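# Secondary and tertiary structure notes
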Amino acid sequence: MANPCSWRKPALDRAGQLKFWDRQFDIYETADMTVDNAGEMDAVIEICRRIPGISNVVTFGGAVGCRDPLMIFKQAICSGCDPCKPPNRGLVNVFFNDLSPNLLATAKSHTLAKCQECGADISYHPGAILDIAGGVPPANRTLIMGVYDVKAFFLPNPDHGYPNAGFDEYIANREILGDNFWFDYLTFNGQEISRIETGMELSADLDSVALEEFKLELISCTARQLVQRPDIIGLQVVGVRKDQGGFFLSNWFDQVGLNRLVGMVFPPTEYFVQVKTFPKGFLYCISRNGVAPTGVVTVLNNVFGNVIPDEQLSTLEAIRAII
């Protein structure tokens, strides 16, 4: 289903992503899409609590820091009291990254300011994960990577903290994400990630009946494609807004498909991989076999799904080098 208006799909590059994310610095912490994935963060806290004397946290794509590392400090390292009470030892070192300098500046001046005052050693590193990961000294760390599930793009779970399906959430947040959306599929052939273009394009200006019809068509198409194309690993959504530069990109993954990619980068002969599922997505907990971790790398709330597909495989490989 195509739009009657003349929109042009943007080229997927870092410059376009940066324009979008730099606009989100003052709304990110309370946005619908930030606060509806509590199950993922609960699992992250549980993992961090199991690492005795955790000494370092590497956060990639941390936005303003309101989830990681702030919640890790409050619930896994410090007392969880209000006001905070640090542990009877030095606070951990944090290597904090986000693509957007504006988000990073908000983390430093606002969200994580009290942690720094309390003694946390936090360094800030703007840029793409692929470029920044090489500046992290390798150590025994557990990788915690949370992504969105393609099923949750169509199915809400209000009884478990996920009130709106991704499709409906995106339309409701069109003032942030876009007036026009494109939907394609990601594939992985064992060597590279590619995109299948569908021609499916949606205007957020359509009435409620037309929006529901488009949603049902997309559900049917996605279900059919996942059966017919076992190489598909996810649904890609791209959004743009009128009179604003940049674009929004989010990839919602099929768990079976993404497991193939993760298993190739982190083979079971070398890594122990656990998968935890939630209403909105699923989370990988990855550690080297036979090694006791002393820290964590967090890539949460679909940060990996926001990475440009051409860089997803190399990004995972760059992260693997520091755990």
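Owing to the predicted nature of the structure, the values given are computational and were not obtained by experimental measurement.

Each helix and strand counted, the protein has 13 helices and 11 strands in total. Taking 20 Å as the expected radius of gyration for a compact globule of 323 residues, we find that the protein reaches 19 Å, a close match to that expectation. Within the protein, buried positions represent 54% of all 323 residues. Accessible surface, the protein: about 13800 Å² in total, of which carbon and sulfur atoms supply 53%. With 27 positive and 37 negative side-chain charges, the protein shows a spacing of 5 Å between the two charge centroids.

This paragraph deals with the packing of aromatic side chains. Tallied over the entire structure, the rule returns 19 aromatic pairs. Plain terms: the ring middles of Phe 282 and Tyr 284 are 5.7 Å apart, the flat faces sit at 75° to each other, and that makes the pair edge-to-face. By relative accessible area, which is 0% here, Phe 282 ends up buried. Accessibility expressed as a relative area gives 1% for Tyr 284, which makes it buried. Through a chain of ring-to-ring contacts, the aromatic side chains of Phe 20, Trp 21, Tyr 148, Phe 153, Phe 154, Phe 167, Tyr 170, Phe 181, Phe 183, Phe 214, Phe 248 and Trp 252 assemble into a single cluster.

On to the sheet that holds strand β5 (residues 180-188). Taken together, the 4 strands give an open sheet; going across it, the order is β6-β5-β7-β8, and neighbouring strands pair in antiparallel fashion. Every interior strand has two partners, whereas the edge strands, β6 (193-203) and β8 (248-253), have only one. Pairwise comparison of adjacent strand axes, ignoring direction, gives a mean angle of 20° for this sheet. In terms of strand pairing, β5 meets β6 through 9 bridges, oriented antiparallel.

Trans peptide bonds make up the majority, and among non-glycine residues the majority have a negative phi. Residues Asp 68 and Pro 69 are joined by a peptide bond in cis, for which omega reads 10°. Residue position: Pro 69 is located in the loop between β1 (56-59) and α4 (70-77). Of note, the phi angle at Ala 63 is positive, near 55°, even though the residue is not glycine. Tracing the sequence through the fold places Ala 63 in the loop between β1 and α4. Residue classification places Ala 63 among the buried positions, given a relative accessible area of 3%. Located in the positive-phi region is Asp 243, a residue other than glycine, with phi close to 60°. Looking at where Asp 243 falls in the secondary structure, it is placed in the loop between β7 (232-240) and β8.

The next thing to look at is the packing of helix α11 (residues 255-265) against helix α13 (residues 309-320). At a closest axis distance of 10 Å, the pairing of α11 and α13 adopts a crossing angle of 45°. Regarding the angle of α11 to α13, the classification is oblique. Like other packed secondary-structure pairs, α11 and α13 cross with a definite hand, here right-handed. Listed contacts from α13 to Leu 261, Met 264 and Val 265 of α11 are Leu 313, Leu 316, Glu 317 and Arg 320. Considering only residue class, the contact of α11 with α13 consists of 5 nonpolar, no polar and 2 charged.

Parameters and conventions
- Every chain is numbered on its own, with residues counted from 1 as its sequence reads.
- Selection of residues for local features in this predicted model requires a pLDDT of at least 70, selection of side-chain atom pairs for listing and counting requires 80 or more, and totals for whole chains, interfaces and linings are taken over all residues.
- Think of the side-chain values as coming from all heavy atoms in the structure, minus any hydrogens and water.
- Put simply, DSSP marks the helices as runs of H or I at least four residues long and the strands as runs of E at least two long, and each gets a number from the N terminus on.
- To get the radius of gyration, use the C-alpha atoms; to get the globule rule, take the number of residues to the power 0.38 and multiply by 2.2 Å.
- Exposed residues in this analysis have more than 50% of their type's maximum accessible area, buried residues have under 20%, and partly exposed residues fall in between, with area computed by a 1.4 Å probe over protein chains only.
- Note on areas: Shrake-Rupley, 1.4 Å probe, and residue coverage restricted to the protein chains presented here.
- Neither His nor the chain ends contribute to the count of charged residues, in which Lys and Arg are positive and Asp and Glu negative.
- By convention, charge coordinates are those of NZ in Lys, CZ in Arg, CG in Asp, or CD in Glu.
- Aromatic pairs are defined between Phe, Tyr and Trp rings, using the six-membered ring for Trp, whenever the two ring centres lie within 6.5 Å; interplanar angles under 30 degrees are classed as stacked, those over 60 as edge-to-face, and all others as tilted.
- Paired strands, as defined in this entry, are two strands with at least two bridges between them according to DSSP.
- Here an axis means a line fitted to C-alpha atoms, over the contact stretch when the element is a helix, while the angle between two N-to-C directions is reported on a 0 to 180 degree scale.
- For this classification, under 35 degrees means roughly parallel, over 145 means roughly antiparallel, 65 to 115 means roughly perpendicular, and everything else is oblique.
- By convention, the crossing between two helices is left-handed when the near helix turns anticlockwise from the far helix through less than a right angle, and right-handed when the turn is clockwise.
- Should any heavy atoms of two residues lie within 4.5 Å, those residues are counted as being in contact.
- Three classes are used, and their members are as follows: Ala, Val, Leu, Ile, Met, Phe, Trp, Tyr, Cys and Pro are nonpolar, Asp, Glu, Lys and Arg are charged, and the others, Gly among them, are polar.

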